[in-house]
Amino acid sequence: MEFFKELLTLFCTAVVVFGGGFYYFTCLFGPAEQKGKTAVQLSGGSLDKEKVKEGYEQYWSLDWSFFQRGVNGNDLNASDKVPAFVDTSDIYEWGQSFHFSPSIPGKSHRDATRMHEEMVVDLLDLKPEARILDAGCGVGGPMRAIAAHSAANIVGITINEYQVERARAHNKTSGLDSLCEVVCGNFLKMPFDDNSFDGAYSIEATCHAPKLEEVYREIYRVLKPGSRYVSYEWVTTELYDSEDPEHVEIIRGIERGDALPGLRSYKDITEIATKVGFEVVKEKDLAKPPAEPWWTRLKMGRIAYWRNHIVVTILSWLGIAPKGVVDVHDMLYVTADYLAKGGDAGIFTPMHMILCRKPE
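Given the structure is predicted, the values throughout are model-derived calculations rather than measurements.

Caption draft 1: Spotlight on the overall build of the chain. For the chain, the count of helices and strands is 13 helices and eight strands. Scored against the burial criterion, the 360 residues of the chain give a buried share of 49%. As displayed, the chain has an accessible area near 17,300 Å², and 53% of this comes from carbon and sulfur atoms.

Below is the structure:
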């Protein structure tokens, strides 16, 4: 009986979207392509229609050996191709905070995410007007939450020009542009003076660095002596077995779907931090109990998948959604499945927290 209810929901959704969308965009405004609409907004995203398809094809044409080089620990030289995928994924802009958080009983995902971000304020002991670095800020969701909670001045850096534009727009809309600044640049070579920040953080961002040591060393350089740095890292856990084919498939699926040069082991993080000069104050996997599973928000049944697939297909056909959105939807579904499998098996965590201090 439950199956037929879901099937009926799927059918009704398709009918409503098709009928309403067709009438609204064709009868009232005409086809979107003919009207020359330059952007589409899906949960806040605003990408050029042609660029979605182009970005997806560019990303997916990357040689699989690019990701394998990361797994094998060799040098990478294709990091400049990652931003195209970041643009593409923005059509599903996950609110304004594209990261995970521990599930908290009685709290919504949005509230849990905000609490996860605000914890940075306590970990860094932030004070009003302190100058804080957000290394890999994306569209700035954490930046705004932390600035609003602490009254500190946050300077974010992202390599992606599109994200800079989106972050600045969000900062202005939220009334936090006086506390939040966004710079376009590479966190491996930042345009900031030595000893110029009172603290720093990165939330699920440094996993995109080909070599973690390089980004940690650069963050160490710009921090004032005595200041703290906290990072939430994507890592394989103590349960990961590199000799288990199923484990390897899951991890490589996560790497490929999330544009990662290669996931690191949890054991590597402290070693790298101390190597560049940091003192490690605290280290903890925030995904472990008593936190509830973080990956439950990713799980989607087959009926729900096909419902969404039909919706985006119709929207794309009508010209409402960008070209390539169906391909991106399918890719993100597969990636979400790998992430959920990694969480279920306990071999992957996206929130391995390390708190460091730059010595006086």
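Caption draft 2: Summary view of helix α6 (residues 109–124). For α6, which comprises 16 residues, the first-to-last C-alpha distance of 24 Å matches the rise-based estimate of 22 Å (1.5 Å per residue) to within 8%. Elements that come into contact with the buried residues of α6 comprise β1 (131–135), α7 (141–150), β4 (197–203), β5 (223–236) and β8 (348–357).

Caption draft 3: Summary view of the packing of helix α9 (residues 212–222) against helix α11 (residues 266–275). At a minimum axis distance of 9 Å, the contact between α9 and α11 shows a crossing angle of 45°. Put simply, α9 runs oblique to α11. Both α9 and α11 take part in a crossing whose hand is right-handed. Residues L212, E213 and Y216 of α9 pack against I269, I272, A273 and K275 of α11.

Caption draft 4: Main features of the nonpolar core. Grouped together as the largest cluster of nonpolar side chains are 44 residues, with contacts concentrated most on Y201, V230, W234, I254, W294 and F348. If you look at the next biggest cluster of nonpolar residues, it comprises 28 residues, including L133, L212, Y220 and L223.

Conventions used here
- Residues numbered from 1 in each chain as written.
- Predicted model: local features only at pLDDT ≥ 70, side-chain atom pairs only at ≥ 80, totals over all residues.
- Heavy atoms only, no water.
- Helix = DSSP H or I, 4+ residues; strand = E, 2+ residues; numbered from the N terminus.
- Buried < 20%, exposed > 50% of the residue type's maximum accessible area, 1.4 Å probe, protein only.
- Areas by Shrake-Rupley, 256 points an atom, 1.4 Å probe, with all protein chains shown as cover.
- Expected span 1.5 Å × (residues − 1).
- Contact = heavy atoms within 4.5 Å.
- Axes fitted to C-alpha atoms, helices over the stretch in contact; angles between N-to-C directions.
- Parallel < 35°, antiparallel > 145°, perpendicular 65-115°, else oblique.
- Left-handed = near helix turned anticlockwise from the far one by under 90°.
- Core = buried A, V, L, I, M, F, W, Y, C linked by side-chain atoms within 4.5 Å.

Just distances and angles here, no functional claims.
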